[in-house]
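Observations on the three-dimensional arrangement
Residue-level listing of the chains:
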Amino acid sequence: MRLRSRAIGEQNGSHTATAACESANKGITASRGRSPWGLRRVLGGLLGVYVGIPVLVKLCPSIMAHVVFAQMLRWPLAPPLTDLEAYGLSGARNFYLPSTDGIKLGVWHILPADLKVEKKDEASFNQALSQSNPVILYLHGNSNTRGGSHRVDLYKIFAGLNYHVVSFDYRGYGDSTGSPTEEGICEDALVVHSWVKKHAGNSPVFLWGHSLGTGVTSKITRKLCEEGNCPAGVVLEAPFTSTREECSGHPFAQPWRYFPWFDWFFTDGLEANNIYFESDKHVAAITCPLLILHAEDDFIVPFRLGKKLYEIAKETRPKGAPPVHFIGYDRSHGYGHKYICNSPALPQVIREFVEGLPQKV
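Anyway, here's the lowdown on the structure attached to this text.

Cut-offs used in this document
- Residues numbered from 1 in each chain as written.
- Predicted model: local features only at pLDDT ≥ 70, side-chain atom pairs only at ≥ 80, totals over all residues.
- Heavy atoms only, no water.
- Phe/Tyr/Trp six-rings, centres within 6.5 Å; stacked < 30°, edge-to-face > 60°.
- Lys NZ or Arg CZ within 6 Å of the ring centre and 35° of its normal.
- Core = buried A, V, L, I, M, F, W, Y, C linked by side-chain atoms within 4.5 Å.
- Buried < 20%, exposed > 50% of the residue type's maximum accessible area, 1.4 Å probe, protein only.
- Helix = DSSP H or I, 4+ residues; strand = E, 2+ residues; numbered from the N terminus.
- Contact = heavy atoms within 4.5 Å.
- Expected span 1.5 Å × (residues − 1).
- Disulfide = S-S within 2.5 Å.
- Pairing = 2+ DSSP bridges.
- Axes fitted to C-alpha atoms, helices over the stretch in contact; angles between N-to-C directions.

Looking now at the packing of aromatic side chains. Two numbers describe a pair of aromatic rings. These are the distance of the centres and the angle of the planes. Scanning the entire structure with this criterion turns up 11 aromatic pairs. Each member of the aromatic cluster is reached from another via a ring pair, and the members are Tyr87, Trp108, Tyr138 and Tyr155. Sitting over the face of the ring of phenylalanine 95, arginine 93 holds its NZ or CZ atom 4.1 Å from the ring centroid. In this arrangement the basic side chain of lysine 104 is found over the ring face of tyrosine 96, its NZ or CZ atom lying 4.7 Å from the centre.

To continue, consider the nonpolar core. Counting residues in hydrophobic clusters, the biggest one holds 55 residues, and the most contacted among them are Phe69, Val216 and Phe277. Looking at this core element by element, the count peaks at 8 residues for helix 5 (residues 182–200). Filtering out sequence-adjacent residues up to four positions away, phenylalanine 69 remains in contact with Asn142, Ser143, Tyr173, Pro180, Thr181, Glu182, Ile185, Leu212, Ile275 and Phe277. Leu89, Ala92, Ile327 and Tyr335 belong to the second-largest nonpolar core, a separate cluster that totals 34 residues.

Here glycine 91 shows up in the loop between helix 2 (62–69) and strand 1 (92–98). Exposure remark for glycine 91: the relative accessible area of 28% places this residue in the partly exposed category. Spatially, the C-alpha atoms of glycine 91 and aspartate 114 are 9.7 Å apart, while their sequence positions differ by 23 residues. Contact partners of glycine 91, with chain neighbours within four places excluded, come to His109, Ile110, Leu111 and Phe125.

Moving on: helix 4 (residues 149–160). Here helix 4 spans 17 Å end to end across 12 residues, near enough to the 16 Å set by a 1.5 Å rise per residue. Looking only at helix 4, the buried set comprises His150, Arg151, Val152, Leu154, Tyr155, Ile157, Phe158 and Ala159. Elements that come into contact with the buried residues of helix 4 comprise strand 2 (104–110), strand 3 (135–139), strand 4 (164–168), strand 5 (205–210), strand 6 (233–237) and helix 12 (346–354). Just downstream of helix 4 lies asparagine 162, where phi reads positive at about 70°.

According to the stated counting rule, one finds 1 disulfide in the structure shown. The side chain of cysteine 225 participates in a disulfide bridge whose partner is cysteine 230; the two sulfur atoms lie 2.1 Å from each other. Judged by the torsion about the S-S bond (95°), the cysteine 225/cysteine 230 disulfide is right-handed. Given the relative accessible area of 13%, cysteine 225 is considered buried.

Attention now goes to the sheet that holds strand 8 (residues 324–329). Reading across from one edge, 1-2-4-3-5-6-7-8 is the order of the 8 strands in this open sheet, with mixed pairing throughout. Since the sheet does not close on itself, it has two edges, and those belong to strand 1 and strand 8, each with one partner. Pairwise comparison of adjacent strand axes, ignoring direction, gives a mean angle of 20° for this sheet. Here strand 2 runs beside strand 4; their pairing, made up of 4 bridges, is antiparallel.

Attention shifts here to the environment of proline 239. Along the chain, the position of proline 239 falls in the loop between strand 6 and helix 7 (243–249). Sequence-wise, proline 239 and threonine 214 are 25 residues apart; in three dimensions their C-alpha atoms are separated by 5.5 Å. Leave out the neighbours within four places in its chain, and proline 239 touches Thr214, Ile292, Leu293, His294, Val301, Leu305, Gly306 and Leu309.

In this section: helix 6 (residues 212–226). Over its 15 residues, helix 6 runs 22 Å from end to end, which matches the ideal 21 Å to within 8%, given 1.5 Å per residue. Counting buried residues along helix 6, 12 of its 15 residues qualify, which places the element largely inside the surrounding structure. Buried within helix 6 are the following residues: Leu212, Gly213, Thr214, Gly215, Val216, Thr217, Ser218, Lys219, Ile220, Thr221, Leu224 and Cys225. Elements in contact with the buried residues of helix 6: helix 2, strand 3, helix 5, strand 5, strand 6 and helix 10 (279–282). Positive backbone phi, approximately 75°, marks glycine 228, located one or two places after helix 6.

Any functional reading would require information beyond the geometric quantities listed.
So, in structure tokens, the structure goes:
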């Protein structure tokens with residue numbers, strides 16, 4: 001009886017194990033059967049997104065304006081723009097200027113490191129602006145505010161060289177009111193430039209544009225030069241030739257770059273929003289000293305566009321215009337799109353340019 005019972009138990013165990021194996025095999029088989037369908041769904045979804053984005057941009061061309069200006073992108077934990085001490089800027093003042101269309105612009109004025117004022121009021125800062133120190137009017141790129149970390153680092157370099165710094169947020173950026181357009185932010189830049197010239201006396205005024213700000217800088221400099229009101233010099237950091245060409249070369253556009261009718265889907269949306277920033281046309285009329293800086297590993301604005309703009313400037317500027325200089329930074333430095341300010345040699349480059357010394361390129 002014991003032997004028989006033991007045999008029956010072993011037989012039952014064998015049946016149970018066999019059933020479990022069969023059940024597992026069925027699960028694997030079913031899973032294998034479903035796999036291609038799941039993969040097809042994923043691939044179908046990706047294809048839908050790939051095709052859907054160009055269609056969405058074409059149907060809503062205002063999307064391209066948000067992509068270009070990106071004014072809604074800002075660091076949420078940044079200190080208030082009125083608290084300059086929190087940005088490490090002690091000799092500085094925050095104030096507001098009226099622009100066209102009832103727009104209010106937030107502005108910073110940072111004093112040269114060696115220049116002190118008894119009172120941090122409007123009259124004292126305005127009087128200091130006329131004390132012959134060079135003035136740098138900084139025009140920032142898209143996204144964030146005048147308080148962006150790499151921007152503040154650059155202000156400190158300028159101030160350390162004993163230059164005044166005036167930086168502001170275009171309409172729609174930071175604490176400035178309104179919404180950005182190409183014409184609108186160029187008007188804002190001209191308003192701030194006019195204010196600087198009014199208070200700077202005989203102090204030389206230089207314009208420094210970065211990224212999107214190079215498009216603004218080249219456009220307003222052309223206007224100023226044609227009016228006989230040329231700046232003392234212009235620096236274009238990480239510039240492009242035009243927004244149309246920058247759009248085609250932007251890394252985020254590469255998945256669709258060879259998409260049929262790419263321009264019709266994407267770059268035509270720029271013109272629908274009157275966004276051109278044609279620096280390649282404006283540089284021909286810039287008759288003041290011009291310096292272009294660009295890093296080889298710039299991920300946002302391709303290095304080749306800065307180099308191309310330099311070649312265009314050399315070929316199209318009047319023969320009597322001061323020379324245009326180009327300084328490229330090797331990719332090994334890792335400066336990318338916005339950290340040329342980390343170059344140990346940059347202060348000397350700036351000093352040589354501002355003081356009119358020969359550039360070591």
